[in-house]
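Breakdown of the fold
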Amino acid sequence: MSIRPFVPSALLVICSFMSFQGDSIAADVKKVKVESYAWTTDHMHIGVRWQPFGLEECDRYDANRPLISEHSSYAQFWVSWNAAEPTAKHTDYNKNMSGYLKAIENAVDACIARGVKTELVMWHCPGWASESGKSGAWKPRIGEYPQFTKRMAKHFKGRVDAFQLYHEVNLQGMMNEADMNFIIKEVFTNGGKAIREVYDADPKTPVIVSTSGTSPCQPCGARKGLKGVGAVAVDDYYRQLVADKEMMKVVDALNLNISDHANGYGMMDGKLIPNCWTQYDLARAKLDKANYFSKKILSAESWIVWDSSGNNHDVNGDGLKNEVDAFEKTVTIFGKVLERGLNTVNMPWCDNSSRWSMGLVKRVDYNGRVKELKPEWVIPSNDGGSDIVTRKIGLRGGTDNTFQPVEIPKSGLPFTVKDYINPGDPNHLHYYIWRWYSQIAGGSDEVIRHAIKGERGNDIIVSGSGMTGNEQYKISSYNRTKDSFTVLIYSGGANGKGVLEVAIPSTIQNGVHYNNDHSNTDFRGEGFREGTKYNGKIVTKDISRKDGSDQNSKTLIVASAIVSNGVLKAKVSGARKFTVIEFTR
């Protein structure tokens, strides 16, 4: 049996009791300049996985929370085919769109209005389209899945920027009765071709098509047609994908799950895949060996458990499994994968229907109805905003004013207010680490990958006594909207006494995997030319492991420097653990 960290099917059941109440959540946007651009695999995105409840006021409130409206650059939506098209008549979106799909559509439009890019992950099958007649994780009849992806592409063309073709198909239980040949030919190749056919039709519109993430479950039943189980099967899964030339022509990227599973860092067998970033290395090496330098790897989903459930891990050795561990794991996992070259990372935006807890922010009583019906389920927020809901709930009912809050069973796993390290904070502790890393993607700005640690001629050079400790990460991007460069530096041993000397290329260079002859758009040469005057703003700080607040923050300025030898430079005196540098003209 698959050990699932997130079971959206339970949430979908809750959503099925609702009908979406309007088309207006795209409105009521905080005034922000939004400039559209074509998302390519050279762009960087840090965002959220958002499953809207389908209640107008609720989803508007969620869309306006800073997590989505200010800090996310993209949002990923899981679309259950079974929920989107529960009957054959629901394939006519103009006349019979399901309430579930309408909720997804309105949330997509809300993201677009806020300059947030969108991605759909499609999975599960309605009974009317499956070979078995059963709905859920069952094999569809030949031709049905590509027709579904074609309908989705037609409906969302120009609004949705990326499509993932399924979820965790390395496990047999994610599509019963299907083997790897069916997955590669029918789902990835034919399903992907159907999307491309729609997006390539006049007016031709860019789109990113990718495969499926991989479950990190080591003992779970592997897909028929894969060798072995667990990590061995994942290794064979990537081998088979890369070997299929027809499929590789269709997709822009492969996918993997970024998680803290098993050992706190995404371990499967401890050898082939001891953590999630070595799974990235595994897939990247196979692509490179086959000369697919143009193909990328995306994050299918990301999660980091924060509560005291059995799936959490005491990574800091303090004897507790709590939000401080999530804080530490987020520092490590995001640093490792972003520094390597993963360009998309997302996290569940709030507590969901899984048996353990991994949201970035807490469910709040947005309109006071939960407190009205279940006052013992809420506590005041310490920021003066909506009350904090202290347990997992579903919102059953037709409208914002008639829903009934229903507690989701704990299945023996704890979910109580005592698990919150700061109960009144609407955000979880690791949100503040996610938010720090999210600066590299620039929110609604257009941001592309810049230099990569260790890449010859395209390196991020950081030296000095302030670069110290067991964990050190360096990440760089170029903001095309603001014409600026951003560098994130994490120095785990920095204590305010050392110095960092930082140097990056002043223009976009030819990269091994990014910004090269294979890129859909040629960004090379953009940036600051030789002799250009530039400034730098440096913020170096610590982040509290008690409440996420900034500690020992200091701002430094680089004034009127001049680009020399194609390099931007900055000196950070009194460096702390978290440093961000923004270079501007």
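Residues numbered from 1 in each chain as written. Predicted model: local features only at pLDDT ≥ 70, side-chain atom pairs only at ≥ 80, totals over all residues. Heavy atoms only, no water.

Our focus in this paragraph is the overall build of the protein chain. The number of helices and strands found in the protein chain is 15 helices and 22 strands. Taken over C-alpha atoms, the radius of gyration comes to 23 Å for the protein chain, in line with the 25 Å a tight globule of 585 residues would show. The buried share of the protein chain, reckoned over its 585 residues, is 61%. In the protein chain, the share of contacts with a sequence separation of at least 24, taken over all contacts with a separation of at least 6, comes to 74%. Accessible area of the protein chain: about 20,800 Å², with a carbon and sulfur share of 48%. Averaging the coordinates of the 72 positive side-chain charges in the protein chain and doing the same for the 66 negative ones gives two points 3 Å apart. (Helix = DSSP H or I, 4+ residues; strand = E, 2+ residues; numbered from the N terminus. Rg over C-alpha atoms; globule rule 2.2 N^0.38 Å. Buried < 20%, exposed > 50% of the residue type's maximum accessible area, 1.4 Å probe, protein only. Contact = heavy atoms within 4.5 Å. Areas by Shrake-Rupley, 256 points an atom, 1.4 Å probe, with all protein chains shown as cover. Lys, Arg positive; Asp, Glu negative; His and termini not counted. Charge placed at Lys NZ, Arg CZ, Asp CG, Glu CD.)

Looking at chain direction, strand 19 (residues 533-543) and strand 20 (residues 550-562) are connected through nine bridges and run antiparallel. Within strand 20, the position partnered with Val 539 by the bridge is Thr 555. Counting the residues that bridge the hairpin from strand 19 to strand 20 gives six residues, and of these Gly 548 lies at a positive phi of roughly 80°. Note that strand 19 and strand 22 (residues 578-584) share seven bridges and pair antiparallel. Bridge assignment links Gly 536 to a residue of strand 22, and that residue is Phe 583. (Pairing = 2+ DSSP bridges.)

This paragraph deals with the state of the cysteines. Working definition of a disulfide: a covalent bond connecting the sulfur atoms of two cysteines. Under the counting rule described, the total for this entry stands at one disulfide. Counting only cysteine sulfurs, Cys 350 is the nearest neighbor of Cys 58, a cysteine outside any disulfide, at a range of 8.3 Å. For Cys 58, a relative accessible area of 0% translates into the label buried. (Disulfide = S-S within 2.5 Å.)

This part takes up the pattern of salt bridges. Within this structure, the stated rule accounts for 31 salt bridges. Here Arg 480 ties to Glu 526 by a salt bridge, and the two come within 2.8 Å at their closest N and O atoms. A residue pair is termed long-range when its members are at least 10 positions apart, and Arg 480 in the loop between strand 16 (472-479) and strand 17 (484-491) and Glu 526 in the loop between strand 18 (499-505) and strand 19 qualify at 46 residues. The structure contains a network of salt bridges with shared partners spanning Lys 102, Glu 105, Asp 109 and Arg 159. (Salt bridge = Lys/Arg side-chain N within 4 Å of Asp/Glu carboxyl O.)

Axis angle and axis distance: for two packed helices, these are the angle between their axes and the distance between the axes, and together they describe the pair. It is the contact of helix 13 (residues 323-340) with helix 15 (residues 431-438), at a shortest axis distance of 8 Å, that shows an interaxial angle of 25°. Considered as vectors, helix 13 and helix 15 are oriented roughly parallel to each other. The way helix 13 lies across helix 15 gives a crossing that is right-handed. Counted together, Phe 327, Thr 330, Val 331, Phe 334, Gly 335 and Leu 338 of helix 13 and Ile 433, Trp 434 and Tyr 437 of helix 15 form the full contact between these two elements. For the contact of helix 13 with helix 15, the per-class residue count stands at seven nonpolar, two polar and no charged. (Axes fitted to C-alpha atoms, helices over the stretch in contact; angles between N-to-C directions. Parallel < 35°, antiparallel > 145°, perpendicular 65-115°, else oblique. Left-handed = near helix turned anticlockwise from the far one by under 90°. Nonpolar A, V, L, I, M, F, W, Y, C, P; charged D, E, K, R; others polar.)

An ideal rise of 1.5 Å per residue puts 20 Å on 14 residues; helix 12 (residues 276-289) measures up with 20 Å between its terminal C-alpha atoms. Turning to helix 12, its buried residues number three or more, namely Cys 276, Trp 277, Thr 278, Gln 279, Tyr 280, Leu 282, Ala 283, Arg 284 and Leu 287. Of the residues trailing helix 12, Asn 291 is marked for its positive phi of about 65°. (Expected span 1.5 Å × (residues − 1).)

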